[in-house]
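# Coordinates in review
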2 protein chains.
Amino acid sequence: MPIDKNSLPKPVYLDKIRIPGGLWEQRQTINRSRTIPVIYEQLQKTGRLDAWRLDPDRERPKRRSVIYMFWDSDTGKWLEAVGYSLHTHPDPALEKQVDDLIDLMASAQQPDGYLNTYFANLEPENQWANLRDWHEMYNAGHLTEGAVAYYRATGKRAILDVLARFADQIAALFGPNEGQKRGYPGHPELEMALVTLYRATGDKKYLNLSKYFIDERGQDPHYFDIEASERGEDPDDFWAQTYKYCQAHKPVREQTEATGHAVRACYLYAGIADVALETQDQELVDVSRRLWDDLTSHQMYITGGLGPAHSNEGFTFAYDLPNETAYAETCAAISLAFWAHRMFHIDPHSRYIDVMERALYNNVLSGVSYEGEHFFYANPLTSYPNVNPHEHFSGITSDRHYRRSEWFFCPCCPPNLARIVASIGGYFYSTTADRLYVHLYNQSSADFEFGGQAVQLEQQTNYPWDGRIQFTVKTDTPAQFELALRIPGWCRRYTLEVNGQPQSITPQNGYAVIARQWQDSDRVTLVLDMPVERMSSHPDIRQDAGQIALQRGPVVYCLEEVDNGARLANVAILRDGQLHVEFDADLFGGISVITGEAVRIEPASWPGGMYQPQSVVEHTQSPFQFKAIPYYLWANRDPGEMRTWIRRI
Amino acid sequence: MPIDKNSLPKPVYLDKIRIPGGLWEQRQTINRSRTIPVIYEQLQKTGRLDAWRLDPDRERPKRRSVIYMFWDSDTGKWLEAVGYSLHTHPDPALEKQVDDLIDLMASAQQPDGYLNTYFANLEPENQWANLRDWHEMYNAGHLTEGAVAYYRATGKRAILDVLARFADQIAALFGPNEGQKRGYPGHPELEMALVTLYRATGDKKYLNLSKYFIDERGQDPHYFDIEASERGEDPDDFWAQTYKYCQAHKPVREQTEATGHAVRACYLYAGIADVALETQDQELVDVSRRLWDDLTSHQMYITGGLGPAHSNEGFTFAYDLPNETAYAETCAAISLAFWAHRMFHIDPHSRYIDVMERALYNNVLSGVSYEGEHFFYANPLTSYPNVNPHEHFSGITSDRHYRRSEWFFCPCCPPNLARIVASIGGYFYSTTADRLYVHLYNQSSADFEFGGQAVQLEQQTNYPWDGRIQFTVKTDTPAQFELALRIPGWCRRYTLEVNGQPQSITPQNGYAVIARQWQDSDRVTLVLDMPVERMSSHPDIRQDAGQIALQRGPVVYCLEEVDNGARLANVAILRDGQLHVEFDADLFGGISVITGEAVRIEPASWPGGMYQPQSVVEHTQSPFQFKAIPYYLWANRDPGEMRTWIRRI
């Protein structure tokens, strides 16, 4: 079945969705009032904003670091977050702040269109000399996405024009033609951004460039070899040792496994999906499905985390999912959500949204503290005092616990979080000419059009704490369309009523489709059965053997020391013990908490030494009531141990 | 009780011990016939021997690396191994080979005594510029120990004189006096070696220098800061971030915890013990005991391995003992044996020898393959395909398994193994004027003198595969002395007979002491009860929770895939299941193998995906008979998974 862009569902942009309550309203309010402002402060404090004021006498940083080379991406992501936020919540003061910054950014653009604060200030002679490592294209991508978001929110073209000129320069320099370099981004991102720019401007040149980047990647002779030789380096000296690191080890169409740096990987795959859609390229859809299946069936944490290893910030091998040292970068889970969302739009099936939901409610939200001003880069599934998933050697916070930080030397995650939270409404719905897909459930209302007829859909729900979602259709005149409600993969029983009449509907590709001429005030009630599940992992995941994780709805739970005492490795949850769910309105603005029967298995007494024969040390089981909270909320109270996978007895 | 050197036991040098059979004979034969020759080949092939032929036009290595700076230590350790081996097994051809090398080494000595192939060949201007990192003193130490061993074996002074001249230069350059630099080794080793040199030459200057190094270490102003500033570097830029790395974070007498690089740590502590003894310094004995207690009660694997972390090749924090990523460097276990042996001689108690024995039979022997030509640097307690305890990112052997290597870029471990195996006899016995301590049990005979009376002691045993050891005293005339037999810490029941008469003796400091006038052919039979023990670890070791390790006598066992199939994480040993021990004469020259009842706990079928609710996936328990082999012999047959800590059910 060849891909047909016109019949495929399209996402409904966030400007059509209002989120007046529920978990995402809570997160968006905190994002707007706390996260976006603190990121701006950090951009300012660290010199990232001032860097746009080009100065040939600027002092070089004490040590040259690639990190400085991607400063601009942080500004770009912040701009994008602000764009989304202004769209749903206008804020003239903030808009003024951004306009001033944009003036400054525009002033940094070179006559030829080039835009990069690091190279323009410090190493103009090294422009484009190292696409593999030096992130100019990555910055260009993030700035472009920021520019488009701001343009869509405000209608102001200034920064969009700046980035379009930069993209024009890139399109002139790189490509298959005589006199062009056959380069492509070492860190993918621009692929997606160019499609975004194409959609915003209608200029197909940008789409073509994105497609070129995807098809040139990993071709022989290898561009990263060529440019290394031109720098006088031995290509074999690549610090990351393998082009798998940047998914350039073979041509994209031949790739079958998710490899290397996890964020690079999913940004690339998201770009592939974009190009597949816009160029209606069935082969790229097949490539995407293959990579998707590999990643989500072999290399994903139960939290939607990706990339277990610190060393490459990425993938290792199938079923290798260490919990305590899980890198599971916040950006990687975000990039998975980006890719999942795009996969649905080239292959409409709920399985992609299931993964997106898993990532969002767990590894993505854990990236930011409840109060919105501290961030995780790595998101381990188990935590002990003194253990730092970033690196053993580099130590740990002063109280010896792994906690969220105010900022990072490489601060890619905070503004990435800000932009996905600010744009979350855009992930709720998709439409075709006659169907409305509902992907995510949250208190909200949204506007659509079917056959020229304006329709509003309201959701009343306390999801994810409760599985009941009530939809109300508002329409001036009856409207014919299909309402396609996602039945989440985690849900094994549900009921569906239309105006109080039970419906028996077999889901199609994971969606319960109600075809109907909708009247004003029609009500649909979906009740997703949401018991606590004891989850087992695939028997090849050695790190989870003998353990279970608690999941309810899309939310994975964890045990923290503050609720359960220390030595959580010695805690076992009873196989058939009672489990209770309670909504605690006072905890983190209202969450569901799980309690249940557990035992602590420990020696009655320990005679000393590190190792003792079992016959000397009898282990006793002391029963106690455990308490689990959502994984994403860990490390927001008293510091201590945390475990997601718990022994089962 | 202040330390009194004269009343303390002294080790019996290896020239008094013959090892005609048993495990150590097997290892020594392989060491002599395979290991020592292959190390020589590698020294030659890698240019380490040729480097002694100084050449001002020598080409610099492509990349400057600290590794090149400690090439000489590899030669030194090889020389030391050869010295020990020649002592017990004269070999004129080998001796000729060494003498030729020694001529070459002597030719590389500078007029001022300086000796270092790297700096003499490549960076003469940088001599002594970085004691913290550049290993000149470390090399000097290993060369000195090699020189003394060779001198003791052959009586030839040439290389001893060379190293004494070098030590004279060091003693002139470094010290507390006007015009001297207040430096000390960044990588300890010379401290021990100077005491060895003092004992060989009687020149107290070397002992004083060793004591100076120990007392100057970590003093303020900090020498490593001073020399960094003199190199024009910021001392805070130390790549290892903390002087804990090299145990120079505070003065030695104030140290209470084993920190940093594990080999550096134990070499230093061994040097402290040496100086404590020779200077009869009670405070240093107390420091040693404190560090010993910290290390062995909080930071030691059941295999005697030390230093869980790759990043610092060393310690992390109390009870942090990851199994799969255990670095547990071969050299670290060897250094622990060195230190333990010295601890006994300043504080005579079997607890030190218990740890030495644990290290020797497990983490030390695992460092070399059964055939003697391949080596482990890191010694994990669990191994899975694709997992490399050295570093995730650097990949793994071509068949995706962690296996012993022929050599390493940093090959400290192979010659360290060669020297400890070649000198193992020297760890068997200690004597005071009237007592003979027996520490290690192995087929052997040895010569002693008590009150001017020559005495021979023979051991007949198949230890560690069997707990029966028969001693025969040979003496021309009756001899009065105490025979002190170590009752190992792992042993909970034993019988002791003298000439067939059961003895009831309460051990003193871990030794059963038989005071007697010994007649020729007196027989002592010690039978150590040696059941298989299911070992539990301290409840704070989270990585071992819910698991047991099998230990019999001093030998820790492991399960390998070749005997037990894959997915060893899903295997559980029955808490009260039968365990059997069988001596398999055909396996690895004869070893005891453990079999017993286990179950494999796995889902009856897996419906796909990575995570499934327990209610969907029923786990079944399939019984099977497991087979365990000594840990130190793993990775000598078909590659596959390995586990030391096994789930208990």
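Preceding block: the structure.
Reading the values: the criteria
- Residues numbered from 1 in each chain as written.
- Chains lettered and ligands numbered in written order.
- Predicted model: local features only at pLDDT ≥ 70, side-chain atom pairs only at ≥ 80, totals over all residues.
- Heavy atoms only, no water.
- Disulfide = S-S within 2.5 Å.
- Contact = heavy atoms within 4.5 Å.
- Buried area = accessible area lost by both parts, 1.4 Å probe.
- Salt bridge = Lys/Arg side-chain N within 4 Å of Asp/Glu carboxyl O.
- Polar contact = N/O pair within 3.5 Å; in protein donor to acceptor, adjacent residues only side chain to side chain.
- Helix = DSSP H or I, 4+ residues; strand = E, 2+ residues; numbered from the N terminus.
- Nonpolar A, V, L, I, M, F, W, Y, C, P; charged D, E, K, R; others polar.
- Pairing = 2+ DSSP bridges.
- Least-squares fit on C-alpha atoms with pLDDT ≥ 70 in both.
- Axes fitted to C-alpha atoms, helices over the stretch in contact; angles between N-to-C directions.
- Buried < 20%, exposed > 50% of the residue type's maximum accessible area, 1.4 Å probe, protein only.
- Phe/Tyr/Trp six-rings, centres within 6.5 Å; stacked < 30°, edge-to-face > 60°.

## Observations regarding the state of the cysteines
- Under the counting rule described, the total for this entry stands at 0 disulfides over all chains.
- Left without a disulfide partner, A:Cys246 is nearest to the cysteine sulfur of A:Cys266, which lies 15 Å away.
- Between B:Cys331, a free cysteine, and B:Cys413, which holds the nearest cysteine sulfur, the sulfur-to-sulfur gap is 3.5 Å.

## Things to note about the interface of chain B and chain A
- Taken residue by residue, the interface counts 67 residues in chain B and 67 residues in chain A.
- In total, about 5300 Å² of surface goes out of reach between chain B and chain A, with carbon and sulfur atoms giving 56% of it.
- Along the contact surface separating chain B from chain A lie 6 salt bridges.
- The interface formed by chain B and chain A holds 22 residue pairs in polar contact (both at pLDDT 80 or more) in total.
- For the side of chain B that touches chain A, the element with the highest residue contribution is strand E14 (residues 532–537) of chain B, accounting for 5 residues.
- Looking at the side of chain B that touches chain A residue by residue, the classes come out as 27 nonpolar, 22 polar and 18 charged.
- In terms of strand pairing, strand E20 (residues 611–613) of chain A meets E14(B) through 3 bridges, oriented antiparallel. In the sheet register, A:Tyr611 faces E14(B), and the bridge partner there is B:Ser537.

## Side note on the relation of the copies chain B and chain A
- When chain B is brought onto chain A, the operation consists of a screw motion whose angular component is 180 degrees and whose axial shift is 0.1 Å, with 0.0 Å RMSD remaining. Overall, the copies show the geometry of a two-fold rotation axis.

## Side note on the sheet that holds strand E12 (residues 511–518) of chain B
Residue and element names in this part refer to chain B.
- If you trace the 5 strands from one edge of the open sheet to the other, you get E1-E4-E5-E9-E12, paired in mixed fashion. Both outer strands of the open sheet, strand E1 (10–11) and E12, are each paired with one neighbouring strand and no more.
- Relative to strand E9 (residues 479–486), strand E5 (residues 435–438) runs parallel, the two being bridged by 4 bridges. For Tyr-437, the partnering residue across the bridge sits in E9 and is Ala-484.
- Packed on one face of the sheet, helix H14 (residues 350–364) meets E9 and E12 and runs near 55 degrees to E9.

## What about the pairing of strand E10 (residues 494–498) of chain A?
All names here are of chain A.
- One ladder, built from 5 bridges, connects E10 with strand E13 (residues 523–528); its direction is antiparallel. Pairing of Leu-496 across the sheet is with Leu-526, part of E13.
- Relative to strand E11 (residues 501–502), E10 runs antiparallel, the two being bridged by 2 bridges. Bridging across to E11, Val-498 finds its partner in Gln-501.
- Joining the antiparallel neighbours E10 and E11 is a turn of 2 residues, in which Asn-499 adopts a positive phi near 50 degrees.

## A look at unusual backbone geometry
Residue and element names in this part refer to chain A.
- The amide bond that connects Asp-220 to the next residue, Pro-221, takes the cis arrangement and shows omega of -10 degrees.
- One can find Pro-221 in the loop between helix H9 (204–216) and helix H10 (223–230).
- The amide bond that connects Tyr-463 to the next residue, Pro-464, takes the cis arrangement and shows omega of 5 degrees.
- For Pro-464, the location among the structural elements is in the loop between strand E7 (453–461) and strand E8 (468–475).
- The phi angle at Trp-128 is positive, at roughly 60 degrees, despite the residue not being glycine.
- Along the chain, the position of Trp-128 falls in the loop between helix H5 (117–121) and helix H6 (136–154).
- Since its relative accessible area comes to 6%, Trp-128 is described here as buried.
- Positive phi, close to 65 degrees, is recorded for Ala-635, a residue that is not glycine.
- Checked against the element boundaries, Ala-635 lands in the loop between strand E21 (619–630) and strand E22 (642–643).

## Some remarks on the side chain of B:Glu216
- Topologically, B:Glu216 is positioned in helix H9 (residues 204–216).
- With near-sequence residues (within four places) excluded, B:Glu216 lies in contact with B:Arg182 and B:Tyr184.

## Things to note about the packing of aromatic side chains
Residue and element names in this part refer to chain A.
- Taken as a whole, this structure holds 82 aromatic pairs over all chains when the rule is applied.
- Measuring from ring centre to ring centre gives 5.0 Å for Tyr-437 and Tyr-511, while their planes differ by 85 degrees; the resulting arrangement is edge-to-face. Pair noted here: Tyr-437 is in strand E5 (residues 435–438) and Tyr-511 is in strand E12 (residues 511–518), with a separation of 74 residues, a long-range link.
- According to the relative accessible area criterion, Tyr-437 is buried, its value standing at 7%.
- Residue class for Tyr-511 comes out buried when judged on its relative accessible area of 1%.
- Aromatic ring contacts, followed pair by pair, group Tyr-184, Tyr-223, Phe-224, Phe-238, Trp-239, Tyr-243 and Tyr-245 into a single cluster.

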